[in-house]
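Listed here are the chains, written in short residue letters.
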Amino acid sequence: MRYIKGNIDFWLEGPCAVSLGKFDGLHRGHQLLLSRIGQRQAAGMTSVIFTFDFGGAKGLMLSQERRRMLESQGVDVLLECPFVPELSHMEPEAFVRKILKERLQAAYLAVGTDFHFGYQRRGDYHLLQQMAGECGYTVEVVEKAQYGGRDISSTFIREELEKGNIEQVNALLGYPYNVTGEVVHGRAVGRTLGTPTINLVPEERKLLPPNGVYATRTLVDGEWYEGITNIGSKPTVGGGPIRGVETYLFGVDKDLYGKEVTVFFHSFERPERRFGSLEELKGQLRQDADWGQQWFRENASCQSGEFILK
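Residues numbered from 1 in each chain as written. Predicted model: local features only at pLDDT ≥ 70, side-chain atom pairs only at ≥ 80, totals over all residues. Heavy atoms only, no water.

1. Observations regarding the packing of aromatic side chains
We count it as follows: Put simply, two rings from Phe, Tyr or Trp (the six-membered ring, in Trp's case) pair if the centres are within 6.5 Å, and we call them stacked under 30 degrees between planes, edge-to-face over 60, tilted for the rest. Strands here are runs of E lasting at least two residues and helices are runs of H or I lasting at least four, both read from the DSSP assignment and numbered beginning at the N terminus. The rule is simple: take the accessible area with a 1.4 Å probe, protein chains only, and divide by the maximum for that residue type; under 20% is buried, over 50% is exposed, in between is partly exposed. By definition here, charges over rings are those cases where NZ of Lys or CZ of Arg is within 6 Å of the ring centre and within 35 degrees of the ring normal.
Within this structure, the stated rule accounts for eleven aromatic pairs. Geometrically, the ring pair formed by Phe-50 and Phe-95 is edge-to-face, given 6.0 Å between the ring centres and 75 degrees between the ring planes. Taken as a pair, Phe-50 in strand 3 (residues 46-53) and Phe-95 in helix 4 (residues 92-103) lie far apart in primary sequence, 45 residues in all. Note on accessibility: Phe-50 and Phe-95 belong to one class, buried. What links up through ring pairs into an aromatic cluster is the set Phe-10, Phe-50, Phe-52, Phe-83, Phe-95, Phe-115 and Phe-117. A cation sits over an aromatic face here: Arg-103 above Phe-10, 5.6 Å from the ring centre. The lysine or arginine in question, Lys-206, covers the ring of Tyr-177, its NZ or CZ lying 4.6 Å from the ring centre.

This is the structure:
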């Protein structure tokens, strides 16, 4: 996949099938757009995802996670355009002519019903349809996917994530919410308690579920491992203000320091809390592990992350 980032002087060779939007999370609604440009790709067009790079804004998905996911789906070009005044102040009609027609060589556009663009978000799919004849492309307006009678959106998913409704989050995404990071050294408290763990410190921009214990699957070097994960600051052992992701992999005791791993969240068990002693914590960890193993026995067919990896 060709990846263009931090550059507004881009030019593609057409014909291109383009979808535009924020694509935070690449949820089920976004996946409808991907399927549309994928169909045109199969007919010979270059598939293009165009999004703006808003810098340090927090989100469901980091840019590198989105890049990996789109590459796994066979997208030809991912263009993360910096949101600079030259483009943010561009009138919608100019955006269509200069960006979509001249630079992206768009022959087909797939957009959602809520898509807006150009200065003060004045442009919408109606304008794209009006200018289709002049600029030589076709437009498909894709209706929003729904869940429980509500449009699926990144905002909807963020609300559910903040509440800790991880199963709902996964249903809206179409795959399990996940966090990727490098395994770093912790205090090795888990090892002394008989539950050796791996520790990640996610980037600040990555939104995390609420503090607590979750049933998770972890991907390490192409292998899947079931386990439980605690998100939080480990108050019982004097943790600091930084929220970490600490995972106990069932039956695994390997040196994974320095490796990049991805933790997929499936179900919430309990909130994080302070225990009166390490012995009390040790007993709770055994209960957590028993709960996690039972959860996976009862949910053996749950999705691990196939959309991301296929």
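2. Here we look at the sheet that holds strand 5 (residues 106-112)
In sheet architecture, strand pairing relies on hydrogen bonds along the backbone and comes in two forms, parallel and antiparallel. Selection rule: Strands were regarded as paired on the criterion that DSSP finds at least two bridges between them. Orientation is described by axes fitted as lines to C-alpha atoms, over the contacting stretch for helices, and by angles from 0 to 180 degrees between their N-to-C directions. Contacts: residue pairs with any heavy atoms within 4.5 Å of one another.
Taken in spatial order, the six strands of this open sheet run 1-4-3-2-5-8, and their pairing is parallel. Every other strand in the sheet has two partners, leaving strand 1 (2-5) and strand 8 (138-142) as the edge strands with one partner each. Recorded for the sheet is a direction-independent mean angle of 20 degrees between the axes of neighbouring strands. Bridge analysis of strand 2 (residues 16-20) against strand 5 gives four bridges, and the strand direction is parallel. Bridged to Ala-17 within strand 5 is Tyr-108. Its contacts with the sheet place helix 2 (residues 63-72) against strand 1, strand 3 and strand 4 (77-82), and it is angled at close to 155 degrees to strand 4.

3. Quick look at the packing of helix 7 (residues 154-163) against helix 8 (residues 166-173)
Short version of the rule: Roughly parallel means an angle under 35 degrees; roughly antiparallel, over 145; roughly perpendicular, 65 to 115; everything else is oblique. Note on convention: near helix rotated counterclockwise from far helix by under a right angle means a left-handed crossing. Clockwise means right-handed. Three classes are used, and their members are as follows: Ala, Val, Leu, Ile, Met, Phe, Trp, Tyr, Cys and Pro are nonpolar, Asp, Glu, Lys and Arg are charged, and the others, Gly among them, are polar.
It is the contact of helix 7 with helix 8, at a shortest axis distance of 8 Å, that shows an interaxial angle of 160 degrees. In this view, helix 7 runs roughly antiparallel relative to helix 8, as classed from their interaxial angle. The hand of the helix 7/helix 8 crossing is left-handed. Contacts between helix 7 and helix 8 involve Phe-156, Ile-157, Glu-160 and Leu-161 from the first element and Ile-166, Gln-168, Val-169, Leu-172 and Leu-173 from the second. Per-class residue counts for the contact of helix 7 with helix 8 are seven nonpolar, one polar and one charged.

4. Observations regarding the side chain of Thr-51
Definition in use: As used in this structure description, the phrase polar contact means that two N or O atoms lie within 3.5 Å; if the pair is within protein, one of them must be able to donate a hydrogen and the other to accept it, and residues adjacent in sequence are counted only when both atoms belong to side chains.
With respect to the element layout, Thr-51 can be found in strand 3. Relative accessible area serves as the criterion here: at 1%, Thr-51 is assigned to the buried category. Polar side-chain contacts of Thr-51 include one of 3.3 Å to the backbone oxygen of Lys-22. Ignoring sequence-local partners within four residues, the contact set of Thr-51 consists of Gly-21, Lys-22, Phe-23, Arg-66, Leu-78, Leu-79, Glu-80 and Cys-81.

5. Focus on the pairing of strand 14 (residues 223-232)
On a regular strand, one side chain projects to one face of the sheet and the next to the other, so that they alternate. Across the ten residues that make up strand 14, a large majority, seven, are buried. Linking two consecutive strands that pair antiparallel, namely strand 13 (residues 212-220) and strand 14, is a turn of two residues; a positive phi of about 50 degrees is found at Asp-221 within it. For strand 14 and strand 15 (residues 244-249), the ladder comprises six bridges, and the chain directions are antiparallel. When the bridges of strand 15 are listed, Ile-231 appears paired with Val-245.

6. Some thoughts on the sheet that holds strand 12 (residues 197-200)
Pairing within the open sheet is antiparallel, and its six strands lie in the order 11-16-13-14-15-12. Here the strands that pair on one side only, and so sit at the sheet edges, are strand 11 (178-182) and strand 12. Neighbouring strand axes in the sheet, compared pairwise and without regard to direction, differ in orientation by 35 degrees on average. When strand 11 meets strand 16 (residues 260-271), the two strands line up antiparallel, connected through five bridges.

7. A few points about the environment of Gln-284
Along the chain, the position of Gln-284 falls in helix 10 (residues 278-298). Exposure remark for Gln-284: the relative accessible area of 12% places this residue in the buried category. Excluding anything up to four places from it in sequence, Gln-284 contacts Glu-269, Arg-270, Arg-273 and Phe-275.

8. With respect to unusual backbone geometry
A cis amide bond links Gly-14 to the next residue, Pro-15, at an omega of 0 degrees. On the secondary structure map, Pro-15 appears in the loop between strand 1 and strand 2. In this model, Arg-121 sits at a positive phi of 55 degrees, which is unusual for a non-glycine residue. Tracing the chain through its elements places Arg-121 in the loop between strand 6 (116-117) and strand 7 (123-124).

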